[in-house]
Every structure is written in C-alpha cells, then in structure tokens.
Amino acid sequence: MSQLFQRKPIAELIHETEGANSLKRSLGAGDLIMLAIGAVIGAGIFGAIGTAAAGEIDSAGHVVRAGAGPALVFSFLLLGGACALAGLCYAELAAMIPQAGSAYAYSYATLGELVAWIIGWDLILEYAVGNVAVAISWADYVKTLLAGVGLVLPPWVATGYRTALLSGDPQVHGLIATAPHVAGMPILINVPAFAIVMFITWLLLRGARESATANNIMVAIKLLALGLFVAVGATHLHPENYHPFAPNGFTGIHQGAAIVFFAYIGFDAISTAAEETRDPQRNLPIGILGGLAICTLIYVIVGAVLTGMVPYTQLAVADPLARALQLAGFTTVGWIVALGAAVSMSAVLLVFQYGQPRIFFSMGRDGLLPPWAARLNPVTRVPAVTTVITGLFVAAWALIGDAAETYDLTNIGTLFAFMLVSIGVLVLRYKEPERHRPFKVPVAWLVCLGGAAACLFVMKGLPSKAWERFGIWLAIGLALYFVYGYSHSRLHDPARSRPA
C-alpha cells in the first residue's frame, strides 16, 4: 500500500526538464501573462456569465441553480480570492518544479503516485472536457456573427444533440422532433464547434513559439472587444436593473460563483508551460499571479456593466454580451463584440489544447501512460501524438455535447485539483523543509488551508449531478491506474527505458 503513495524526488523532476526528452524553453514572463489572459478570459466571461446572473432552468421547468443577479460582481470577487490563494500555491510549486505536468507533477512530488494519477486524470476534465464547452460557446458566437451578415446555418448542423435534449427553451428542445432523422435518430451536430477544434489542433502542431505568437494576437483582440463593450455599455446603464441587487441572496452568489468559476479555470494552464519557460523561478510566479489579478479586475468591470445594461433575467443565453448590446440597441457593436468573443475563445481553445498534451506527455514519461504519449516530434519538439488525440477527443464531444453540463463537470474537477495543490504545498513544507524555494507562499498554513477550504466551498455550490458524474469519472480513472499505470510506472520499475 505504501508504494501507492511513493513520491518522485524533486531532483529527478528537475533533471527531467534538462534531458534530451525535454521541451524547448522559449517563453518569457510577458508570454506567460498573455497566456494567462488567453486562457482565463474566454467562454466564462463571454458565455457562462449569463447563466451565473440569470440562473438555470432545465427542460422540465425545474430550477437547476439560482442566479446571482447584479450581485454577480461578488461571485467574481469570491472566486478571485479563492483562486488567488490557490495561485500562490501554484506559484511556489511551479518555481520549485518547472516541469510540464502542472498539478500532476506537483502532486507526484508531494502526495505520491496514486494522488498524482488522480490529479492527472482529473485535469482531463479541466483541459479537454473544458474545451468542449469553449468550442460550443465559440460556435454560438459564430452563429451570431453569421446571422449579422444574413447567413443563417440550419439549426441541425449548429446544435449538438445533448444541447437540444437538455435545453429549457422549447424551440431548441423541439429540434429533436424537427431535425432530419436517420434510423430513427435525430441528426443534431455542431459542425462549427468541431471545425474550430481541428483548426487549433493543426496550429498547435506547428510548435510552442508559433502558438504563443498567435495567442498574443488573439489576446489583444479580445481585450479590445471587452474594452468596446464596457465603453459602449457604460453609456446605457439603468439604475433600476441593479434592483434587486441580490435576488436570491447569498445562495445566488454562491451558485453563481460555482458556474462562473469556469471563467477562472485557465490560470493554472500557465504552469503546464513551465518546461518551455526561460528563468521559470522568476517568470512563473509573475505569469500566474499577474494574469489572475488582471483578469479579476476585468471580470468585475464587465459584470457590473452587463447587469446594468439589461435586466439580469434576459441574460440566460449562449452569447450574453452580444445579446445585451443588441437589446440596448447597439446591434453593430454587438456584432463586433461577437467577433471579438469568437477570437477570444479561440485563444482559450489554443491554451487548453496546449496544456492537455503536456500533461499526457509528463504522465507518459513516468510510465503511467504508454510510451507513445511521451514522444516528441523531432522537428517541432512538441508532443504531436497526444496533441492529435486530444484534438480528436474534444472535437468529437463538441460535435454532440452541451456546454452547461460540461461547465459543471469541468468546474468540479478543476476545483478538486486546486484543493490538492494547496494541500501539497503544506505537505512538501513538512517533508522537505530544507528545499530551496525561489518563491514562498506567505503565512503558508493560513493560505494553503484557506485555499483548500475555499475550493471545497465553491464545489458545494454545484448541482448533485456534477458530483455524481465526477465520482464516476474518478472510478474509471482508478480502474485504469490499477490495470495499467501501477504495473508500468517507472517509479516502481526504474529499469524501464524512457521514451526516445
């Protein structure tokens, strides 16, 4: 049993970043901050924010979650505080262990192999499954863009089956009956969502430096779009829309935070770039904490303007920012913001699709996944095989999936990972107090335990179905570990050769 919690020495983790099978260091602090903004500002602020404000009702008319209303700004502040605590913990571990595996690598060094496997499996929910929701939201904004130029896609090629099945909108739910049928099954597929994922996958195969440059361009566009929304929306604020400010009290703020947490999940993606970062001991903390602070400020401003423009009850749509501008009479600006949103979510797709293969790469290098997971393309030095597999997985799910249910599964998995990273900092302080820490969490006991408790509190605001699905996901992951990972682990069998 003790072997399940055997830890990988930090010295070995650091050595792995310097060998022939390591990734190329080409990113600076500015690139990391831009990656943070690229990962964090996306489907959450352009999509999930509407559901967080208005609440959610299922196809049977049952309330799935209460909305925060204009008090949404407090949901953002609550999450900003929780993520700041977790971000401090990430910064300490990322500076100590500048490896590609993110929370997976940190857990291996602090809590042992079994917990590391659980985290690695769990992070698939954050990166791959999370990108399903991003791709679907991207497609919704693209539909708004195309409609603005008079091109309306047939609903059955722009709506996934799960979206129609679970929708509380009678028109969307009715697509199950009105869509073309083959062998009695409705043809409901989201072609735009599938297409964007495949394009991002192709881009990532070109290399990390090229991907970061593309991200920087997309981040600039998304910030311009949000700036335009705030500038125009601020001229059309109505004080009566802020009343009642918190229509569902703290319950609404709490449950709103649980859904809009999707807006924050990207900040830890920066740590997956550790092995490709120059001077990671300095640049990683700057990238993680600097990006998180900038994004929280942007969220609070956008949330305040959005709920002041139109009644919060009208925001339960896939493209709430564009819809608010249209309702306020700014149709052209709404179209421009939709364009910015599409570019913005392309950046999120890029960063998440960037992160997931590198976690698979790290797990493959440890023997927990087959050797092909840790092979690099000899020219681009990127994990090409896992990049393609991740792209196909996300694209196929986005073709038929639903964003709302994906938000919940992604959020609970990510919060669980944040919680374990926070605990891991304390464990490592106890296990290896003499270890050099280029960045140290201040008042570690308070910050680490507070961060873990805050993550657990936000998790409690998620629907019971999210917990049930998360439990099933973890059970499948544990089965895979004991069938393959444990017996092939290089920690248990050091004689196994490393992938070429």
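For the structure given in this document, a descriptive report is provided here. The structure displayed is predicted, hence computed values, not measured ones.

## Section: the overall build of the chain
Okay, step 1: Scanning the chain from terminus to terminus reveals 19 helices and four strands.
Okay, step 2: Within the chain, the fraction of its 500 residues that count as buried is 60%.
Okay, step 3: Counting contacts in the chain only where the partners sit at least 6 residues apart, residues at least 24 apart contribute 83% of the total.
Okay, step 4: For the chain, the accessible surface area stands at approximately 18000 Å², while carbon and sulfur atoms represent 69% of it.

## Notes on the layout of surface pockets
Okay, step 1: Reported here for the second largest pocket is a volume of approximately 370 Å³.
Okay, step 2: Residue lining of the second largest pocket: 19 residues in total, with Trp121, Ile124, Phe360, Leu369 and Ile389 positioned closest to the centre.
Okay, step 3: Going through the elements one at a time, helix 6 (113-148), helix 15 (331-365), helix 16 (384-400) and helix 19 (464-488) are the ones with two or more residues in the lining of the second largest pocket.
Okay, step 4: Considering each element in turn, the lining of the second largest pocket owes the most residues, five residues, to helix 6.
Okay, step 5: Residue composition of the lining of the second largest pocket, by class: 16 nonpolar, three polar and no charged.

## Brief notes about the side chain of Ser489
Okay, step 1: For Ser489, the location among the structural elements is in the segment after helix 19.
Okay, step 2: Accessibility expressed as a relative area gives 0% for Ser489, which makes it buried.
Okay, step 3: Contacts of Ser489, omitting those with residues within four sequence positions, involve Tyr108, Glu113, Asp366, Gly367 and Leu368.

## A few points about the pattern of salt bridges
Okay, step 1: In total, this model carries five salt bridges according to the counting rule given.
Okay, step 2: Measuring nitrogen to oxygen at the nearest pair gives 3.3 Å for the salt bridge that ties Asp140 to Lys143. On the criterion of helical spacing, the pair formed by Asp140 and Lys143 is a turn pair, its members being three residues apart in helix 6.
Okay, step 3: Within the structure, one salt-bridge network assembled from shared partners comprises Arg162, Glu405 and Arg469.

## Re the packing of helix 10 (residues 191-204) against helix 16
Okay, step 1: Helix 16 packs onto helix 10 with a crossing angle of 170° between their chain directions and a minimal axis gap of 8 Å. Here helix 16 runs roughly antiparallel to helix 10, going by the angle between their axes. Packed against helix 10, whose contacting residues are Val191, Ala193, Phe194, Val197, Met198, Thr201 and Leu204, the element helix 16 presents Thr387, Val388, Gly391, Leu392, Val394, Ala395, Ala396, Ala398 and Leu399 at the interface.
Okay, step 2: The residue makeup of the contact of helix 10 with helix 16, split by class, is 13 nonpolar, three polar and no charged.

Cut-off values and rules
- Residues numbered from 1 in each chain as written.
- Predicted model: local features only at pLDDT ≥ 70, side-chain atom pairs only at ≥ 80, totals over all residues.
- Heavy atoms only, no water.
- Helix = DSSP H or I, 4+ residues; strand = E, 2+ residues; numbered from the N terminus.
- Buried < 20%, exposed > 50% of the residue type's maximum accessible area, 1.4 Å probe, protein only.
- Contact = heavy atoms within 4.5 Å.
- Areas by Shrake-Rupley, 256 points an atom, 1.4 Å probe, with all protein chains shown as cover.
- 1 Å grid on protein atoms, 1.4 Å probe; cavity = no way out; pocket = protein on both sides within 12 Å on 5 of 7 lines; lining within 4 Å.
- Points joined across faces, edges and corners; volume = space filled by probe spheres on them.
- Nonpolar A, V, L, I, M, F, W, Y, C, P; charged D, E, K, R; others polar.
- Salt bridge = Lys/Arg side-chain N within 4 Å of Asp/Glu carboxyl O.
- Axes fitted to C-alpha atoms, helices over the stretch in contact; angles between N-to-C directions.
- Parallel < 35°, antiparallel > 145°, perpendicular 65-115°, else oblique.

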